[in-house]
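Overview (structure and organization)
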Amino acid sequence: MTPDSLRAALRGVADSDWLDTALRRVTAEPTAITRLFPAAGRRCGRAALPDAPAWTADDAARVLLLTSLPGDHATYAESLYQHGDAAERRAVLRALPLLPIGVAGVPLLHDAIRTNDTRLVAAALGPYARHLDPAAWRQAVLKCVFSGVPLAAVADLDARADGELAAMLAALAAERHAAGRELPADATDLLDRLTAALPREA
């Protein structure tokens, strides 16, 4: 999603007058975001957005507030994440790929992946997860399997999945099979695709 598409998705759903004023305020007075960011849920609601699947109004409004900052995006993102509730943290994670911060937001991904909040884990595996190194990314994918996060939430899954991830999934599948349990269907499908793509031994 882009800021323009999020703005379009919010039309008719959120309090547009409040949001317009808030965005102008943040552009002119960046510190105002510390007050406006938490208020977005109350002023814009938490309804799902019909034109932005898997997005809610408060998510979109908060992402727009972050992208409206004139600078210091990484500093504000970290502060809002550290001091926010789960919904506010999720919005920060979803904003990361739209902010000009390079790899500065990677520590927030690591923190989110360590939690047991599936909403944060899913948000951390969005497009910004391209900045995770391969080992950390593979562990994050396994965390999704363990915690029940659908693998559809993982950006660039097929492009990044490799033989090492296949070996990790196969080991997990063996452990679960021994315990009378199975991998989720999407993880089994991924393992099957990866196994089929591996070169055959002579």
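Everything numeric here is computed off the predicted structure, so don't read it as measured data.

One finds Ile33, Leu66, Leu93, Leu96, Leu125, Trp137 and Leu151 to be the most contacted residues of the largest nonpolar core, which totals 72 residues. Beyond its immediate chain neighbours, meaning those up to four positions away, leucine 151 contacts Val141, Cys144, Val145, Leu157, Asp186, Ala187 and Leu190.

What follows is about the packing of helix 2 (residues 16-28) against helix 3 (residues 33-44). Where helix 2 meets helix 3, the axes come as close as 11 Å, and the angle between the chain directions of the two elements is 170°. Viewed along their axes, helix 2 and helix 3 adopt a mutual orientation that is roughly antiparallel. The segment helix 2 lies against helix 3, with Trp18, Ala22, Arg25 and Val26 engaging Ile33, Arg35, Leu36, Ala39, Ala40, Arg43 and Cys44. Across the contact of helix 2 with helix 3, the residue classes tally to eight nonpolar, no polar and three charged.

A word on the environment of proline 150. In this fold, proline 150 is placed in the loop between helix 9 (134-147) and helix 10 (157-160). We classify proline 150 as partly exposed; its relative accessible area is 49%. As for proline 150 and isoleucine 101, which are separated by 49 residues in sequence, their C-alpha atoms are 27 Å apart.

Cut-offs applied
- Residues numbered from 1 in each chain as written.
- Predicted model: local features only at pLDDT ≥ 70, side-chain atom pairs only at ≥ 80, totals over all residues.
- Heavy atoms only, no water.
- Core = buried A, V, L, I, M, F, W, Y, C linked by side-chain atoms within 4.5 Å.
- Buried < 20%, exposed > 50% of the residue type's maximum accessible area, 1.4 Å probe, protein only.
- Contact = heavy atoms within 4.5 Å.
- Axes fitted to C-alpha atoms, helices over the stretch in contact; angles between N-to-C directions.
- Helix = DSSP H or I, 4+ residues; strand = E, 2+ residues; numbered from the N terminus.
- Parallel < 35°, antiparallel > 145°, perpendicular 65-115°, else oblique.
- Nonpolar A, V, L, I, M, F, W, Y, C, P; charged D, E, K, R; others polar.

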